[in-house]
Amino acid sequence: MSQEPGPADARPAEDVDTSHAVPDPDPSSTPEQEIAIEQAFVDRVYGRVDVLRGEAEGNRESGYAHLAATVPGARYERDVFVYQAARRIADLDSQHEGLVFGRLDFDDGKVRHIGRLGVRDEEYRTLLVDWRAPAAAPFYRATAVDRQEVARRRVIRSFGRSVEEISDDLLNEDAADRLPVIGDGALMAALGRKRTGRMRDIVATIQAEQDAAIRAPGRGATIITGGPGTGKTVVALHRAAYLLYQDRSRYEAAGILVVGPSAVFMKYIGRVLPSLGEETAALYSLGELYAGVEATRQDLPQVAAVKGGTVMLPILRRLVRQTPPDAPDELRMVYRGDVFRLDAADLAAARARVFEKEPRPNLAKTEAGRALLIALWRKIKPVIPDAEPAKFSRDVGSRGEFLTFLDHWWPDLDPAEVLGWAGDPRRLASAAEGHLKHESVEAVAASLRETDFSIPDVALLDELRILLGVKPQPRGRDRIRSWDGIQEVSTAQDRFYDRPERQARDAFYEDYAHVIVDEAQDLSPMQWRMLSRRGRAAGWTIVGDEAQSSWPRPKESADARRRAVPRGKIHEFHLTKNYRNSMEVFEYAAEWAKPRLRNIDLPEAVRETGIPVESKSVDADALLPELASAVAEALGAVEGTVGVIAPYARHAELAAVVTDDRVTLVGPLESKGLEWDAVIAVDLDAVAAAHGAGVAYVVLTRATQRLKRIDPL
């Protein structure tokens with residue numbers, strides 16, 4: 001079975017030329033005429049994609065039809081063939097919407113169209129260039145200062161297969177007599193569109209400084225910094241798509257991990273990579289990086305500061321060495337007619353000897369049995385001088401009552417169970433002696449007595465998982481399909497469509513090829529330790545802004561980050577343009593933040609709306625009516641979403657105003673990375689007092705169009 005090359009474009013830039021696909025430009029063309037020209041090209045691309053998809057479906061069905069193949073090699077070849085056909089169909093389907101979004105006109109008259117994937121025509125000439133290919137780089141990097149031989153850049157906006165709008169940037173003024181220029185600029189049009197509650201991809205509007213970060217090498221560490229609204233998150237996600245395109249065999253096989261601060265945030269960004277045709281990256285919030293746990297609860301700031309600090313390391317090490325609450329405190333054994341007893345002190349001494357040999361309890365069961373036998377032997381030998389140690393060990397060590405005692409005295413421990421021990425202030429105080437003050441012990445223990453885990457607890461659970469010892473697990477095998485009793489590899493249809501979500505890589509998977517960390521400035525040292533286990537040999541992309549940090553001890557976190565990220569070349573990128581906030585919103589936020597935050601990074605807002613920020617102080621009993629009025633006003637003023645950001649203690653009171661699907665009530669920590677058309681910030685001073693000025697600064701920079709503050713008197 002022969003295979004036709006897939007649609008991805010892999011030719012070098014100098015071999016790419018789509019000028020054969022479009023008519024010569026006419027500077028007198030109207031917008032309608034130019035849209036018609038692009039529509040004709042878009043129709044041609046979709047026509048070719050329909051052909052490719054039909055061929056792929058035929059190849060897949062043809063492969064499934066060869067059930068009679070009897071040679072194992074032929075069966076394997078058939079399944080690989082079916083796998084490739086299914087993958088191609090998936091690629092074509094995932095990129096169908098807005099397939100063609102860009103065009104470059106060069107000084108020499110050549111034309112290059114840019115799209116979500118690469119497509120060749122019937123003669124294998126490039127028809128459409130994949131946005132991740134080197135040939136597409138000028139679409140994002142060309143400027144009036146460094147044109148890269150680009151005369152005009154055009155952004156094409158479509159709905160389905162229909163071209164709705166085009167917008168041009170003329171980079172070569174000398175080409176004005178031959179190239180029409182339509183529209184007011186694609187970036188401003190995109191920034192002005194309503195928010196939907198989901199992050200969109202930005203393949204059509206990536207800017208030069210963003211593109212440089214997206215295309216950085218995958219090895220080593222890439223550090224992306226920038227103030228609010230500079231596109232750090234969406235750049236990091238497009239970077240994942242770019243890495244998969246550049247070296248799919250490496251990054252798809254070992255995996256890419258994307259980590260964000262909250263479940264709300266992960267839901268917000270969840271469709272970006274699928275919209276770029278990538279379904280293989282693993283997306284986890286910090287509250288999900290322990291299998292079986294989906295933590296969403298936020299601890300009080302003072303409790304989170306303790307749980308996230310390195311002070312917890314010696315405390316957890318002591319905790320795992322404590323005697324389990326239900327362990328027996330006495331062992332009685334009859335040997336050759338005499339009763340021998342190990343009391344609590346004897347058992348404590350035996351436990352200490354075990355930890356001298358093996359500090360991980362779940363890997364020390366054999367050592368624990370040996371320690372008990374040694375302790376018993378020391379009791380027996382003086383009483384029965386002729387006892388033989390080997391015979392004694394065989395006899396006593398195989399008895400059912402001894403093995404039952406051993407199971408109860410040295411049980412397999414679950415990290416959640418051990419962390420639960422710390423909910424007892426006495427146990428926690430014993431483990432934390434010399435490390436925590438009494439009030440901290442009481443506050444942490446109270447948090448651990450809650451019925452659910454908090455987000456900081458997840459890093460503690462993961463640390464305990466390592467301290468307790470992870471038993472080696474047998475490697476699973478890929479599913480197999482059998483005809484006539486002969487087993488063979490599963491087909492792509494089975495693997496690609498029928499597999500359970502995240503089956504291949506659960507939250508404990510530790511061999512990722514690349515790890516992307518968003519809102520990195522908020523990670524505690526314990527969370528950095530948790531992430532370091534997932535990327536021991538990975539490349540890293542670390543995204544953040546120190547001014548927006550909620551972690552109270554930045555030096556401690558920075559040291560933990562340096563230890564977590566493997567040594568290698570560091571690529572640093574700084575984003576300087578604020579694309580989210582209007583100038584009015586950002587100037588207000590910056591003026592509030594400058595006296596409160598040191599070394600603040602203030603990007604340049606690129607647009608203005610003429611809508612000033614509103615601020616109002618009201619009596620406590622008027623807060624709810626004022627908020628209800630503000631929400632109604634915001635819903636009438638914007639087409640998209642409205643966010644209400646308030647201290648957690650007020651959520652029960654304010655939930656009554658959230659009656660429209662376009663309105664979301666979130667806490668200040670969950671607002672990180674999110675954006676709304678209109679934002680109502682409630683009791684900002686309380687936010688700053690509880691979480692720090694950096695988090696309050698975050699709250700003030702979530703609005704794209706309108707911002708209103710409501711503060712109680």
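These numbers were taken from a predicted model, which means no experiment stands behind them.

**Looking at the sheet that holds strand β14 (residues 514–517)**
Strand order across the open sheet formed by six strands is β9-β8-β14-β15-β7-β16, with parallel pairing between neighbours. Because the sheet does not close on itself, it has two edges, and the strands there are β9 (282–285) and β16 (570–575). Strand after strand, the sheet turns through a mean of 15° between neighbouring axes, direction not considered. Across four bridges, the pairing between strand β8 (residues 256–260) and β14 is parallel. Paired with Ile256 across the bridge in β14 is His514. Along the sheet, helix α21 (residues 525–534) makes contact with β8, β14 and β15 (539–544), crossing β15 at roughly 150°.

**Structural notes on the packing of aromatic side chains**
Taken as a whole and assessed by the stated rule, the structure comprises nine aromatic pairs. With a centroid separation of 6.5 Å and an interplanar angle of 20°, the aromatic rings of Phe405 and Trp409 are classed as stacked. Highlighted residues: Phe405 and Trp409, both in helix α15 (residues 400–409), separated by four residues, approximately one helical turn. The class of Trp409 is buried, set by a relative accessible area of 1%.

**Concerning the nonpolar core**
Ile256, Trp528 and Trp540 are the most contacted members of the largest nonpolar core, which totals 127 residues. Sorting elements by how many residues they give to this core places helix α6 (residues 232–246) first, with nine residues. In terms of nonpolar packing, the next biggest core, distinct from the first, is built from 28 residues, Tyr335, Phe355, Leu406 and Trp409 among them.

**Looking at the pattern of salt bridges**
This structure, assessed with the given rule, holds 51 salt bridges. Between Asp462 and Arg533 there is a salt bridge, with its nearest N and O atoms 2.6 Å apart. With Asp462 in helix α19 (residues 455–468) and Arg533 in helix α21, the pair connects residues that are 71 residues apart, well separated along the chain. A single burial state applies to Asp462 and to Arg533, both of which are buried. In this structure, Glu556 engages Arg553 in a salt bridge whose closest nitrogen and oxygen atoms are separated by 2.6 Å.

**Some words on the packing of helix α11 (residues 312–321) against α19**
In contact at an axis separation of 10 Å, α11 and α19 are set at 50° when each is read in the N-to-C sense. The angle between the axes of α11 and α19 places the two elements in the oblique class. The interaxial crossing formed by α11 with α19 has right-handed handedness. Contacts between α11 and α19 involve Met312, Leu313, Leu316, Arg317 and Val320 on the former and, on the latter, Leu460, Glu463, Leu464, Leu467 and Leu468.

**Re the pairing of β8**
Of all five residues making up β8, five are buried, and the element is well covered by its neighbours. Burial of the side chains of β8 extends over both faces: Ile256, Val258 and Gly260 are buried on one face and Leu257 and Val259 on the other. In the sheet, β8 pairs with β9 via four bridges, with the strands oriented parallel. Paired with Val259 across the bridge in β9 is Tyr284.

**Quick look at the environment of Val264**
Relative to the assigned elements, Val264 resides in helix α8 (residues 263–269). In this structure Val264 comes out as partly exposed when scored by relative accessible area, which is 35%. Sequence separation between Val264 and Leu674 is 410 residues, and the spatial gap between their C-alpha atoms is 8.6 Å. With residues near it in sequence (within four places) discarded, Val264 still touches Glu670 and Leu674.

**Overview of the environment of Ser430**
Considering the arrangement of structural elements, one finds Ser430 in helix α17 (residues 425–432). In this structure Ser430 comes out as partly exposed when scored by relative accessible area, which is 44%. Spatially, the C-alpha atom of Ser430 lies 9.3 Å from that of Gln322, the residues being 108 residues apart in sequence. Excluding its chain neighbours within four sequence positions, the residues that come into contact with Ser430 are Arg318 and Gln322.

**Thoughts on the sheet that holds strand β20 (residues 642–645)**
Strand order in the open sheet made by the five strands is β19-β23-β22-β20-β21, with parallel pairing throughout. Two strands bound the open sheet, and with one partner strand each, they are β19 (614–618) and β21 (663–666). Ignoring strand direction, the axes of neighbouring strands in this sheet form an average angle of 20°. Where β19 lies against strand β23 (residues 703–712), five bridges are found, and the strand directions are parallel. Directly across from Ser617, in β23, lies its bridge partner Asp711. Across the face of the sheet, helix α24 (residues 623–637) comes into contact with β19, β20, β21, β22 (676–682) and β23 while running at roughly 170° to β23.

Parameters at a glance
- Residues numbered from 1 in each chain as written.
- Predicted model: local features only at pLDDT ≥ 70, side-chain atom pairs only at ≥ 80, totals over all residues.
- Heavy atoms only, no water.
- Pairing = 2+ DSSP bridges.
- Helix = DSSP H or I, 4+ residues; strand = E, 2+ residues; numbered from the N terminus.
- Axes fitted to C-alpha atoms, helices over the stretch in contact; angles between N-to-C directions.
- Contact = heavy atoms within 4.5 Å.
- Phe/Tyr/Trp six-rings, centres within 6.5 Å; stacked < 30°, edge-to-face > 60°.
- Buried < 20%, exposed > 50% of the residue type's maximum accessible area, 1.4 Å probe, protein only.
- Core = buried A, V, L, I, M, F, W, Y, C linked by side-chain atoms within 4.5 Å.
- Salt bridge = Lys/Arg side-chain N within 4 Å of Asp/Glu carboxyl O.
- Parallel < 35°, antiparallel > 145°, perpendicular 65-115°, else oblique.
- Left-handed = near helix turned anticlockwise from the far one by under 90°.

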